[in-house]
Amino acid sequence: MKQSKPILRALAGETLPTPPIWMMRQAGRYLPEYRATRAEAGDFLSLCYNSDLATEVTLQPIRRYSFDASILFADILLLPQALGVNLWFVTGEGPRLSTITDAAGFAKLKGKDDIHEHLAPIYQTVRNLAQSLPGQTTLIGFAGAPWTVATYMIAGRGTPDQAPAHLLKSEDLPVFEALIDLITEATIEYLSQQILAGAEVVKLFDSWAGSLRNNDFQKYALAPTKRIISALKLRHPDTPIIAFPREAGDKYIGFAKATGADCVAIDNSVSAEWTAQNVQVDGCVQGNLASRHMVTGGQALIDETTEIVKTLANGPHIFNLGHGITPDADPENVQLMIDTVRSCT
Ligand code: CP3
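Residues numbered from 1 in each chain as written. Predicted model: local features only at pLDDT ≥ 70, side-chain atom pairs only at ≥ 80, totals over all residues. Heavy atoms only, no water.

## Side note on the overall build of the protein chain
How we decide: In this description a helix means any DSSP run of H or I spanning at least four residues, a strand means any run of E spanning at least two, and both kinds are numbered starting from the N terminus. Our radius of gyration is a C-alpha quantity, and the globule rule it is checked against amounts to 2.2 Å times the number of residues to the power 0.38. Type-normalised accessible area, obtained with a 1.4 Å probe on protein chains alone, sets the label of each residue: buried when under 20%, exposed when over 50%, and partly exposed for intermediate values. Only heavy atoms matter for contacts: two residues are in contact if any of them lie within 4.5 Å across the pair. For every accessible area listed, the method is Shrake-Rupley and the probe measures 1.4 Å; residues are considered covered only by the protein chains on display. Neither His nor the chain termini are counted; the positive set is Lys and Arg, and the negative set is Asp and Glu. Think of each charge as sitting on NZ of Lys, CZ of Arg, CG of Asp or CD of Glu.
Secondary structure summary: the protein chain contains 16 helices and nine strands in total. At 19 Å, the protein chain has a C-alpha radius of gyration in line with the 20 Å of a compact globule built from 345 residues. Dimensions along the principal axes, computed over C-alpha positions, put the protein chain at roughly 60 × 45 × 40 Å. In the protein chain, which comprises 345 residues, the proportion classed as buried is 58%. The long-range share in the protein chain, meaning contacts at least 24 apart out of those at least 6 apart in sequence, stands at 73%. With an accessible surface of roughly 13,700 Å², the protein chain has 49% of that area assigned to carbon and sulfur atoms. Taking the average location of the 29 positive side-chain charges in the protein chain and that of its 37 negative ones, the two points are 2 Å from each other.

Laid out in structure tokens, this is it:
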């Protein structure tokens, strides 16, 4: 099928004269209009489950910047909640969840097909967006990858080194693997429903892939990603999939081929030159400007943006940050980044 939207063309392997652009966490606290809608919703989770307001915040960065893609406003931790986990957010600290640390805790979780009633408002947001986005804007759905979601379900919060998940893996492998399996199967159903509701691309966020070493990376980052992608490709062969095994380092090499991903998102711990030589040779890459430039701006932002665009200009590339934009970012720096990308080619 011949694609016309720039993101879909890049994902199909086309090298475009100017890379399409979007930004992780583009709907977020650095925008005054986001903070206003979030206040109206009351809190972050209420915003995620209010389809009208979630649609509104998803559209805000599109109105302001005309990004080439819009990412559904939701969170990777809504799936554990749909599986029966308690979830809440502590202001200034982040997520808290009831923990799964043994077979009895695992046994209380719901099944992979029991999630849809809870997630119905998210599918409604996707349907709203499919109706209201401008014609050139691609709608991206997403989920967390199983390892990353499991780290939160086991620890009950974000952790710097994912130690509780590594501990469960060494002390009770059957429970750990059953949890990875359940998340994998539920993620297939969740993403499949997002695609049926109108998501044109889906992305898997494996934010903590970097803490898996050697064989563990193959078993718990690569294999579940491959399983999700294979199942989705059977059901939805035309929907491109972006994988983001963050901080995978040299394990980015060959990741797209091994998993069937149409694009690999790259964090900013590796250079654009390394990415061009080692990852882009296999197809589309997304990334990888350091988010701190959205705070600091200036000539360094211009130089680094130009370097990334020029270095990745010989293959399919979607311009993005290496991780999400932070709440202290200056909205004007985002515009400077976009202007730089569009003028340096
Ligand atoms: O990118 C987008 O704009 C789409 C929406 C989106 C959010 N979270 C909204 C959000 C996406 C794709 C995510 C993914 C997500 N959520 C990840 C993977 C990507 C990554 O950042 O590594 C993870 C690990 C989470 C879990 C999560 N959600 C954490 C750890 C936090 C707290 C940290 C923080 O930034 O406050 C959240 C909250 C969250 N998710 C916010 C947003 C806009 C901030 C909530 C607020 O308004 O207070």
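After that view, the rundown keeps rolling.
## Quick look at the sheet that holds strand E1 (residues 69–71)
Our working rule: Strand pairing follows a simple DSSP-based rule, namely that at least 2 bridges must link the two strands. Interaxial angle, 0 to 180 degrees, is taken between N-to-C directions of lines fitted to C-alpha atoms, where a helix line uses only the stretch in contact.
An order of E1-E4-E5-E6-E7-E8-E9 is seen for the seven strands of this open sheet, with the pairing classed as parallel. Unpaired on one side and paired on the other, E1 and strand E9 (317–321) mark the two borders of the sheet. Between one strand axis and the next, the sheet turns through 25 degrees on average, direction left out of account. In this structure, strand E8 (residues 284–289) lies alongside E9, joined through five bridges in parallel fashion. In the strand pairing of E9, glycine 287 is matched with phenylalanine 319. Against the sheet, helix H11 (residues 214–235) engages strand E5 (201–206) and strand E6 (241–245), with an angle of about 170 degrees to E6. Contacting E8 and E9, helix H15 (residues 298–311) crosses the sheet at an angle of about 165 degrees to E8.

## Quick notes on the site of the ligand
Convention followed: By convention in this text, a residue qualifies as near a molecule or strand provided that one of its non-hydrogen atoms is within 4 Å of it. Two N or O atoms count as a polar contact when they lie within 3.5 Å, although within protein this holds only if one can serve as hydrogen donor and the other as acceptor, and sequence-adjacent residues are included solely when both atoms are side-chain atoms. Residues are grouped as follows: nonpolar covers Ala, Val, Leu, Ile, Met, Phe, Trp, Tyr, Cys and Pro; charged covers Asp, Glu, Lys and Arg; every other residue, Gly included, is treated as polar.
Close contacts around the ligand come from 22 residues, with Arg29, Tyr34, Arg38, Asp75 and Ser207 the closest. A distance of 2.7 Å separates an oxygen atom of the ligand from a polar atom in the side chain of arginine 29. Tyrosine 34 places a side-chain nitrogen or oxygen 2.5 Å from an oxygen atom of the ligand. Residues that form the shell around the ligand fall into these classes: 15 nonpolar, three polar and four charged.

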